[in-house]
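# Observations on the model geometry
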Amino acid sequence: MVASKALFYAVAVVAVVLGDALAASEISQVKIWPMPASVSYGDARLYLTSDFGLSSDSESQILKDAFNRMLAVIKQDHVIDADFSAFNRSSLLQGLHIVVSSPDEQLQYGTDESYKLMVPSPEKPGYAHLEAKTVYGALHGLQTFSQLCYFSIGRRVLEVNMSPWTIIDQPRFPFRGLLIDTSRHYLPMAVIKKVIDSMSYAKLNVLHWHIVDTQSFPLEIPSYPKLWDGAYSLSERYSAADAAEVSALLTTATAENHFFWLCFSCEQLKRHRMNESQAYQYFVLRAQKIALSHGYEIVNWEETFNDFGSKLSRKTVVHNWLGGGVAQRVVESGLRCIVSNQDKWYLDHLDTPWEEFYQNEPLTNITNPKQQKLVIGGEVCMWGETVDGSDIEQTIWPRAAAAAERLWTPYDKLAKNPREVTGRLANFRCLLNERGVAAAPLAGNGRDAPFGPGSCYKQ
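Residues numbered from 1 in each chain as written. Predicted model: local features only at pLDDT ≥ 70, side-chain atom pairs only at ≥ 80, totals over all residues. Heavy atoms only, no water.

## A closer look at the environment of Thr 395
Rules: Working definition: helices are DSSP H or I runs of at least four residues, strands are E runs of at least two. Numbering for both runs from the N terminus. Contacts are assigned to residue pairs that have any heavy atoms within 4.5 Å of one another.
Considering the arrangement of structural elements, one finds Thr 395 in helix H14 (residues 392-396). Along the backbone, Thr 395 and Leu 350 are 45 residues apart, and their C-alpha atoms lie at a distance of 7.8 Å. Those residues in contact with Thr 395 that lie beyond four places of it in its chain are Leu 347, Leu 350, Met 382, Val 387 and Arg 447.

This is the structure in structure tokens:
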């Protein structure tokens, strides 16, 4: 039914392994974004059969649902009506076999996200093979597999070019985040869910949901039912069930609450005759103790470190945003850090081009290996003053994807000059458009429209 391994690999006579010495022309052949840790490929072409399916001993519903979503994404509503009897049977892929080592689906910080993908399987060439330690590593492998698949208009079939593929991959940083802000402009639930889907395409794994602020309070708090009277309108609100649904979709969700900080500070100013900075410190340190007592990880914006860092819990993660050099000081003090310096990774800064997002290095001037491990990752921030449901996607993408590769890909595989990856990022931007994500052109500032007629791949 299928060709022997020897016959298949005789067809695929060229195999190239991505390494430090790989020429730019060869890198351009690999379109995967973000670039995996290790890739080898050949020059054969495979075709997915019309009944391409999932093969796995795992009973995971998470895995089954993810496979079905992946299949729908790569089909893109095209009609697949090729005459498969005309194809060489050795070139047909009947399915994807997935092996997940651990049945544990508990999701927490530090979950193993590694995977290995082989297309086709050396042992069973009629199938692709994906293996991972956890179901969440397998999800990343599915995303990579989806980028290997291409719908051929001429043949009316899904193709995998440049086979055989062997991809071994894992993230550089465990925390790869995107902040959205629903306090400045309300975002409908459908928009939030679509943003989450698009994050998975770029292997971002943390949604930081800045739900409330001084401008509006759209979230239902059942124990304080009047709080969401501070929403912009009755229809611009999130019920507790809405918030729970979003949380269920996420690897990690963090919601900050500045409204409670403001109320609490006013109370402390009156009761204890504190000035503003004293009240702020009192609130942060007390809130830390409460959070730790319930087993939560605690993340504080960098002002807390700058103003009273020596008093913070040693379990604190400091979120850098004001500028460069802070991460270095944080890890030197022994605390962990998330990098979001506003001059490079704030998406509302429309004049910051994708090249600067790509070049922003979280470990700048941090050379001590122990201190490097204290930088747990980074986050691009989509503050909501000038975005709503009409323009959020093109403001996020493709610039967030540039940061996503910085956070996922091993440092020695990153391009030294971002221009080397322009074509591959343009390809990913067009892939997002094909999947219904309104990613803006690479040329111009954030969320600029195309300058004129032309191919998606040249904009």
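Once the structure has been displayed, the description carries forward.
## Some thoughts on the pairing of strand E3 (residues 44-56)
For clarity, the threshold we go by: Pairing between strands is defined by DSSP: at least two bridges between the two strands are required.
Here E3 runs beside strand E8 (residues 157-163); their pairing, made up of three bridges, is antiparallel. Along E8, the bridge assignment pairs Tyr 47 with Glu 159. Alignment of E3 against strand E4 (residues 92-100), held across six bridges, turns out to be parallel. Across the sheet, residue Tyr 47 finds its bridge partner in E4, namely Leu 92.

## Focus: the pattern of salt bridges
A side chain with one charge can pair with a side chain of the opposite charge if their charged atoms come near. Put simply, the rule is: Counted as salt bridges are all cases of a side-chain nitrogen of Lys or Arg within 4 Å of a carboxyl oxygen of Asp or Glu. Burial classes: relative accessible area under 20% of the type maximum marks a residue as buried, over 50% as exposed, and values in between as partly exposed (1.4 Å probe, protein chains only).
Tallying each qualifying case throughout the model produces 20 salt bridges. Between Asp 229 and Arg 237 there is a salt bridge, with the nearest N and O atoms lying 3.4 Å from each other. The class for Asp 229 is exposed, based on a relative accessible area of 52%. With relative accessibility at 18%, the residue Arg 237 sits in the buried group. Between Arg 419 and Glu 355 there is a salt bridge, and its shortest N-O distance comes to 2.7 Å. In this pair, Arg 419 sits in the loop between helix H15 (399-408) and helix H16 (422-434) while Glu 355 sits in helix H12 (residues 354-359), placing the two residues 64 residues apart along the sequence. For Glu 355, a relative accessible area of 14% corresponds to the buried category.

## A word on the packing of helix H5 (residues 189-201) against helix H6 (residues 240-249)
Put simply, the rule reads: Helix axes are fitted to C-alpha atoms over the stretch in contact, other axes to C-alpha atoms as well, and angles between N-to-C directions run from 0 to 180 degrees. Each angle receives one of four descriptions, namely roughly parallel if under 35 degrees, roughly antiparallel if over 145, roughly perpendicular if within 65 to 115, and oblique otherwise. Three classes are used, and their members are as follows: Ala, Val, Leu, Ile, Met, Phe, Trp, Tyr, Cys and Pro are nonpolar, Asp, Glu, Lys and Arg are charged, and the others, Gly among them, are polar.
Their axes nearest at 11 Å, the elements H5 and H6 cross at an angle of 10°. For the element pair H5 / H6, the angle class is roughly parallel. Taking contact as the criterion, the partners of Met 189, Ile 192, Lys 193 and Ile 196 in H5 are, on H6, Asp 242, Glu 245, Val 246 and Leu 249. When grouped by side-chain class, the residues that make up the contact of H5 with H6 number five nonpolar, no polar and three charged.

## Section: the nonpolar core
Operational definition: Note on terminology: a nonpolar core comprises buried Ala, Val, Leu, Ile, Met, Phe, Trp, Tyr and Cys residues joined through side-chain atoms within 4.5 Å.
If you look at the biggest cluster of nonpolar residues, it comprises 73 residues, and the most contacted ones within it are Leu 178, Ile 180, Tyr 238, Ile 396 and Trp 397. It is H5 that contributes the most residues to this core, seven residues altogether. Excluding its chain neighbours within four sequence positions, the residues that come into contact with Ile 180 are Leu 187, Ile 192, Val 195, Leu 207, His 208, Trp 209, His 210, Met 382 and Ile 392. Val 30, Met 35, Ala 66 and Tyr 136 belong to the second-largest nonpolar core, a separate cluster that totals 38 residues.

## Some thoughts on the state of the cysteines
Stated precisely, the cut-off is as follows: Any two cysteine sulfur atoms lying within 2.5 Å of each other are counted as a disulfide.
Counting across every chain of the model gives one disulfide. Disulfide pairing places Cys 430 opposite Cys 456 at an S-S distance of 2.0 Å. Taking the sign of the S-S torsion, -120° for the link of Cys 430 and Cys 456, the bridge is left-handed. Placement of the pair is Cys 430 in helix H16 and Cys 456 in the segment after H16, with a sequence separation of 26 residues.

## A closer look at the pairing of strand E5 (residues 115-119)
When you tally the buried positions in E5, you get four out of five residues, the bulk of the element. Alignment of E5 against strand E6 (residues 127-132), held across four bridges, turns out to be antiparallel. Paired with Leu 117 across the strands is Leu 130, a residue of E6. As judged from the five bridges shared by E5 and strand E9 (residues 165-169), these two strands associate in the antiparallel manner.

## Digging into unusual backbone geometry
The omega torsion across Trp 33 and Pro 34 is -5°, close enough to zero to call that bond cis. Non-glycine residue Gln 76 carries a positive phi angle of around 55°.

## Focus: the environment of Thr 352
If you trace the backbone, Thr 352 turns up in the loop between helix H11 (342-345) and H12. Each C-alpha atom of the pair Thr 352 and Asn 445 lies 6.9 Å from the other, and the pair is 93 residues apart in sequence. Ignoring anything within four residues of it in the chain, the contact list for Thr 352 reads Asp 343, Lys 344, Phe 357 and Arg 399.

## Details of the confidence of the model for the protein chain
As a reminder of what qualifies: Confidence of the prediction at every residue is given by pLDDT, a number between 0 and 100.
Taken over all residues, the pLDDT of the protein chain has a mean of 89, while the share at 70 or more is 89%. Counted against residues more than four places away or in other chains, residues 1-26, with its pLDDT under 50, gives 47 contacts. Note on residues 251-265: pLDDT under 50 across the span, and 37 contacts to partners over four residues away in sequence or across chains.

## Some thoughts on helix H8 (residues 276-293)
What counts here: A helix is expected to span 1.5 Å for every residue after the first.
Taking 1.5 Å per residue, 18 residues should reach 26 Å; H8 reaches 26 Å between its end C-alpha atoms and fits that length. Of all the positions in H8, only Ala 279, Val 284, Leu 285, Gln 288 and Ala 291 are classed as buried.

## What about the environment of Thr 409?
On the secondary structure map, Thr 409 appears in the loop between H15 and H16. Linking Thr 409 and Met 35, residues 374 residues apart in sequence, is a C-alpha distance of 5.8 Å. Sequence-distant contacts of Thr 409, defined by excluding residues within four places in its chain, comprise Pro 34, Met 35, Arg 172 and Leu 414.

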